[in-house]
Amino acid sequence: MKIYRLLYDERAISCIFSNEKNKISSSEFLNKYMSDINSDMLFDNWDISHFCTKRLKNRVGKPRNIMHYDLLFAIADEKSKAALENRFSDCIQFLDAVNDDAPSEKYYFLNPFRSVEGLDLNKSECSFIPDSRIPSSIYKYVFRTDVEYYPIFKLKHEGNVHSMRMYVTDEFKDFIESNGITGLVFEEIFDFENLKD
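As the structure is a computational prediction, the values presented were derived from the model and not from experiment.

What counts and what doesn't
Residues numbered from 1 in each chain as written. Predicted model: local features only at pLDDT ≥ 70, side-chain atom pairs only at ≥ 80, totals over all residues. Heavy atoms only, no water. Core = buried A, V, L, I, M, F, W, Y, C linked by side-chain atoms within 4.5 Å. Buried < 20%, exposed > 50% of the residue type's maximum accessible area, 1.4 Å probe, protein only. Helix = DSSP H or I, 4+ residues; strand = E, 2+ residues; numbered from the N terminus. Contact = heavy atoms within 4.5 Å.

*Asks:* Honestly, the nonpolar core in this entry has me stumped. Any pointers?
*Replies:* One recurring pattern in soluble globular proteins is that nonpolar side chains are buried together. Residues I66, L84 and F172 are the most contacted members of the largest nonpolar core, which totals 23 residues. Every element with two or more residues in this core is listed here: β1 (2–8), β5 (74–77), α2 (78–88), β6 (92–99), β7 (107–112), α3 (170–178) and β14 (184–191). If near-sequence neighbours (up to four positions away) are discounted, L84 is found in contact with I66, S89, F94, L110, F172, F175, I176 and I181. Counting residues in hydrophobic clusters, the runner-up holds 20 residues, among them M67, A97, Y107 and F109.

Below, the structure is given as structure tokens:
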């Protein structure tokens, strides 16, 4: 089994946070939902997220089924929501989002709510936040076998989610590719086949 870091297609349109419409800023968003993120809880009392796509930086971008969003999350269209929600409802939540540049089209904030203490810190190569075992940067990933139960997940350290970066297994990658869902890039960072004791 392989583990991939989830990235976004650089040629795709990026979603831009709409300050005019959103009730909360990016930092307020994280403050409001961080306890849910750390507890692997579904977001409750969701404030509908507004975003924009028609901006100068998107002039050469192409539409994709899943687009990068300011908050290190993703925005999914109707096609990708229908496919992913059917298969991965135990680890992904979809919440209403509005594209202010195309309000009649349906979009969803993609919340992968599972996290796992899956990194073997004794074998990985990391630099750490001072006075902690929380990685500030990870140069070489070595995962514990626990991650095989989570097709898409965030990394947790000392009981807290380290960052909003998402990781996936072959199961998730194969599903995305076989269903023709566009916008995601999979960077291979670990292969259990190559693990040596």
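*Asks:* Whenever I open this one, the environment of K140 confuses me. Can you help?
*Replies:* Tracing the backbone through its elements, the reader meets K140 in strand β10 (residues 135–140). In this structure, the C-alpha to C-alpha distance between K140 and Y69, residues 71 residues apart in sequence, is 26 Å. Look past the residues within four positions of K140 in its chain and what remains in contact with it is S124 and E125.

*Asks:* Hey, could you run me through α3 in this one?
*Replies:* Along an α-helix, residues three or four apart share an orientation, since each turn contains 3.6 residues. All buried positions along α3 are accounted for by D170, F172, K173, F175 and I176. Those residues of α3 hidden inside the fold are in contact with β1, α2, β6, β11 (152–157), β13 (167–169) and β14. Trailing α3 by a residue or two, G180 shows a phi angle of about 65 degrees, which is positive.

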